[in-house]
Amino acid sequence: MKISLFKKIAFIAVIVLTLPPPLHANTLSLGYAQTHFKPPSSTNDKGDINNKKGQGINARLNYMVDNDWGIITALTYTQREGKTEGNSVGKQNRVTQTYGSLSVGPSYRFSHFLSVYSSVGIAVTNSYLEQENSGGRRQNNGGKKRRYTSKENDWGGVASAGLQFTPSDKWVIDIGYEYAQLRDNRAASWIAGVGYHF
C-alpha cells in the first residue's frame, strides 16, 4: 500500500515539532530594564528625583550544561536624573543616580517552549550630587556661584527570577524581576528582552 505525499509530510512535521531543543542550546538575550529606587522611610525629600525611575539595559547569558539544566549570568545597568531640595530656600540640587548588578544562578528547561531561572549576586548604586554654594558668595568668573560635586555609593545583595519563552527554534522572549537590598536603599527592577539561541 502506497503512502501519499501528504501523509509523509504530516508525519515528518509531527516528528520535528515534538523534538526537544538541541543539546547545549545556549541563549544570549538583551532587554530593557526599569529600576524603582526605594529610599529609607525617614527620607523627606521634596525634589522630583524620587518620582523618577531608572532606565537602562539588561544582558543575560543562559549557558546550558545539559538538555535541561543551565547556568545563567546577568548584568543590569540603569540610570536616572532629577533634583532634590537644597540647603537654601528655593535652591535645588541636581542628582544623577546609577544602578548596576551582577548575578549568577541556575536555569531549568521545562519544555521546548518554557524555561525558568533564578540568580543571586551583588548590586551597587552611585549617586552624583551637584549643589550650589549655600553661602551665596559669588565668584569672579562671570558672577556665577561656586558649585560642589559629591559622590556617594551604596552596595548590597540582589536576587532575581524570571521566565524565558521560546516561540521559535532561534528566538527567546525573556521576562524577569530583580530586587536589591542595599545598605541604605532598596531597588526593584523589571526586565523584558529578546534573546537568540546559538
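All of these numbers come straight from a predicted model, not from anything done at the bench. (Residues numbered from 1 in each chain as written. Predicted model: local features only at pLDDT ≥ 70, side-chain atom pairs only at ≥ 80, totals over all residues. Heavy atoms only, no water.)

Quick look at the pattern of salt bridges now. Applying the stated criterion to the full structure yields three salt bridges. In this structure, the salt-bridge partner of Arg-60 is Asp-174, at a minimum N-O distance of 3.3 Å. Linking Arg-60 in strand 2 (residues 54-64) with Asp-174 in strand 7 (residues 171-182), this pair joins segments that are 114 residues apart in sequence. Classification of Asp-174 as buried rests on a relative accessible area of 1%. For the salt bridge of Glu-81 with Arg-94, the shortest nitrogen-to-oxygen distance reads 2.9 Å. (Salt bridge = Lys/Arg side-chain N within 4 Å of Asp/Glu carboxyl O. Helix = DSSP H or I, 4+ residues; strand = E, 2+ residues; numbered from the N terminus. Buried < 20%, exposed > 50% of the residue type's maximum accessible area, 1.4 Å probe, protein only.)

What follows deals with a nonpolar patch on the surface. On the surface, a cluster of nonpolar side chains totalling about 950 Å² of accessible area is made up of Leu-28, Leu-61, Tyr-63, Val-65, Ile-71, Val-104, Trp-171, Val-194, Tyr-196 and Phe-198. Breaking the nonpolar patch down by element, the ones donating at least two residues are strand 2 and strand 8 (186-197). Position of Leu-61 relative to the elements: it lies in strand 2. Under the relative-accessibility criterion, Leu-61 is labelled partly exposed at 33%. (Patch = residues over 30% accessible without salt bridge, like charges linked within 9 Å, V, L, I, M, F, W, Y side chains within 5 Å. Areas by Shrake-Rupley, 256 points an atom, 1.4 Å probe, with all protein chains shown as cover.)

This brings us to the environment of Ser-118. Note on placement: Ser-118 falls in strand 5 (residues 114-132). Along the primary structure Ser-118 and Ala-161 are separated by 43 residues, whereas in three dimensions their C-alpha atoms are 4.1 Å apart. When neighbours within four sequence positions are excluded, Ser-118 is seen to be in contact with Ile-72, Gly-105, Pro-106, Ser-160 and Ala-161. (Contact = heavy atoms within 4.5 Å.)

Take the side chain of Thr-27 next. Within the secondary structure layout, Thr-27 lies in strand 1 (residues 27-38). Here the side chain of Thr-27 touches His-197 through a polar contact of 2.9 Å, side chain to side chain. Not counting residues up to four positions away in its chain, the partners in contact with Thr-27 are Arg-60, Leu-61, Asn-62, Gln-164, Val-172, Gly-195, Tyr-196, His-197 and Phe-198. (Polar contact = N/O pair within 3.5 Å; in protein donor to acceptor, adjacent residues only side chain to side chain.)

Within the structure shown, the criterion is met by five aromatic pairs. Judged by centre distance (4.7 Å) and plane angle (55°), the rings of Trp-69 and Tyr-108 are tilted. Taken as a pair, Trp-69 in strand 3 (residues 69-85) and Tyr-108 in strand 4 (residues 92-109) lie far apart in primary sequence, 39 residues in all. Since its relative accessible area comes to 46%, Trp-69 is described here as partly exposed. (Phe/Tyr/Trp six-rings, centres within 6.5 Å; stacked < 30°, edge-to-face > 60°.)

Averaged over the protein chain, the pLDDT score is 80; the fraction of residues at 70 or greater is 71%. Predicted confidence in the protein chain is weakest over helix 1 (residues 5-18), with a mean pLDDT of 53, and strongest over strand 7, with 95. Counted against residues more than four places away or in other chains, residues 136-140, with its pLDDT under 50, gives eight contacts. (pLDDT = per-residue confidence, 0-100.)

Below, the discussion takes up the pairing of strand 8. Where strand 1 and strand 8 come together, twelve bridges link them in antiparallel fashion. Among the inter-strand pairings, Ala-33 is bridged to a residue of strand 8, identified as Ile-191. Alignment of strand 7 against strand 8, held across eleven bridges, turns out to be antiparallel. Note on strand 8: the bridge partner recorded for Ile-175 is Ala-192. Taking the residues between adjacent antiparallel strands as the criterion, strand 7 and strand 8 are bridged by three residues. (Pairing = 2+ DSSP bridges.)

The pairing of strand 1 with strand 2 spans nine bridges and is classified as antiparallel. Paired with Ala-33 across the bridge in strand 2 is Gly-56.

As for its position among the elements, Asn-58 is in strand 2. Among the polar contacts listed, one links the side chain of Asn-58 to the backbone oxygen of Leu-75, at a separation of 3.1 Å. Excluding residues within four positions of it along the chain, Asn-58 makes contact with Ser-29, Leu-30, Gly-31, Ala-33, Ala-74, Leu-75, Thr-76 and Ile-191.

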